[in-house]
Amino acid sequence: MPELPEVEVSRLGITPHLLGESVMRVVVRNPSLRWPVPTEIQELTGLTITGIRRRAKYLLLETDWGTAILHLGMSGNLKVLPHGTPAGKHDHVDIEFANGKLLRLNDPRRFGCLLWTREAVEQHPLLARLGPEPLTDAFDGDYLYQRSRGRKTAIKQFIMDNHIVVGVGNIYANESLFAAGISPKREAGNIGRERYLKLAGEIKAVLAKAIGQGGTTLKDFTGSDGKPGYFVQELQVYGRAEQPCVQCGGLLKEIRMNGRSTVFCPRCQR
Ligand SMILES: [Zn+2]
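All figures in this text were calculated on a predicted structure; none of them were measured in a lab.

Definitions and limits used
- Residues numbered from 1 in each chain as written.
- Predicted model: local features only at pLDDT ≥ 70, side-chain atom pairs only at ≥ 80, totals over all residues.
- Heavy atoms only, no water.
- Pairing = 2+ DSSP bridges.
- Helix = DSSP H or I, 4+ residues; strand = E, 2+ residues; numbered from the N terminus.
- Axes fitted to C-alpha atoms, helices over the stretch in contact; angles between N-to-C directions.
- Buried < 20%, exposed > 50% of the residue type's maximum accessible area, 1.4 Å probe, protein only.
- Contact = heavy atoms within 4.5 Å.
- UniProt positions renumbered as here; feature names shortened; annotations may be inferred.

Participant: What should I look at first to understand the sheet that holds strand β3 (residues 58-62) in this one?
Facilitator: Strands belonging to one sheet form pairs held by backbone hydrogen bonds; the direction of such a pair is parallel or antiparallel. If you walk across this open sheet you meet the four strands as β2-β3-β4-β8, and the pairing is antiparallel. Each end of this open sheet is capped by a strand with a single partner; those strands are β2 (51-55) and β8 (113-117). On average, adjacent strands in this sheet sit at an angle of 20° to one another, irrespective of strand direction. Sheet analysis places strand β4 (residues 67-71) next to β8, joined by five bridges and oriented antiparallel.

Put into C-alpha cells, the structure is as follows:
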C-alpha cells in the first residue's frame, strides 16, 4: 500500500512535469473508484496547475478555480507519459496536458479516489479533521505528550491515529517504536515526556529516510514499465519476526494489534 513516503515521492516525481501546465482533457475510463469520480472533474479542462501539494496521503492538484483531490488507496500509482500511450486494464484516469504529457492513474483494486472541490480544500470533509503533518514543526514530542494524557490506547494505535498525526502507517509505527525503545503495547497515557521527544524524532527520521530512499527512483515516473516511486526500505523490525534483534541479538516477536502485524523486541522495547 502506498504510504506517506511513497505519496510524497509521487508528488516530487510528477511536479516538474505538471506544475504550471494547463489541462487539455480529462479522460475517465472507469469512474468507479472508492467514490465515483465526479463529472465536475471536467472543470479541470483549460485550467493551469498552480500547485501540487500533499496533505496526509492526499495529493492536491491546485488551480485558480478548484482543487483535484487524489488518493492512491491500496494499490494506486501515478505515471507521467506522452500523449497517445495506450492504456492498460487498470488505467482508470488520464489528465492530459498541453505540454504533450499526461498524468495516468492506475489502480487495480480501485480503493483510490479522484475528487474535485471548489471550496477551501483544508475544509473538505476528508481533510478537515486530520492531525498535523509529521514532518512539520507542528508535530513534536511535546505535542504527542499533551495529546496522550489520559489516553489508555496502546501507543502503536495512538501514533497510527490520523486525528493525532497523519501518515504513520503500520511499517513506520513498528520501526519508530523500535528505534525509540518503546513497547507497542504500552498505554499512550503512561509514557513520559522524554520518551515522546525521542519517539517524535524517530517518526520524523524514519519517514524522512524513506522519502530520501524513494528519491533515487524518481526517474521511473516517466517510464512506461515497472512500478513508479515505490522502493525497498531497510527495515529493522517489520517483516523480521523470529529473526535476531539488530541491537541485542534476541529474537523479535510478532503479535497482531488491530489486525496488523506488530513486530518488536521484548528486551529493547519497554
Ligand atoms: Zn533487542
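Participant: Before we go on, may I ask you to explain the environment of Ser183 in this structure?
Facilitator: Relative to the helices and strands, Ser183 resides in the loop between α4 (170-180) and α5 (193-215). Looking at Ser183, the relative accessible area reads 9%, which means it is buried. Along the backbone, Ser183 and Arg270 are 87 residues apart, and their C-alpha atoms lie at a distance of 4.7 Å. When neighbours within four sequence positions are excluded, Ser183 is seen to be in contact with Ile155, Gln269 and Arg270.

Participant: Any chance you could explain the UniProt feature "binding site: DNA" (unreviewed entry) in the chain here in plain terms?
Facilitator: Residues annotated in UniProt with the feature "binding site: DNA" (unreviewed entry) correspond here to His90, Arg109 and Arg151. Judged by maximum C-alpha separation, these annotated positions cover 62 residues in sequence and are scattered in space, the widest gap reaching 42.5 Å. When you line up the elements, His90 lands in the loop between β5 (77-82) and β6 (91-97). The contacts of His90, once residues within four sequence positions are left out, are Leu105, Asn106, Asp107 and Pro108. Locating Arg151 in the fold gives a position in the loop between α2 (141-148) and α3 (155-160). Note on Arg151: relative accessible area 27%, which makes it partly exposed. Setting aside its immediate chain neighbours within four residues, Arg151 contacts Phe158, Asp161, Ile164, Glu187, Ala188 and Gly189.

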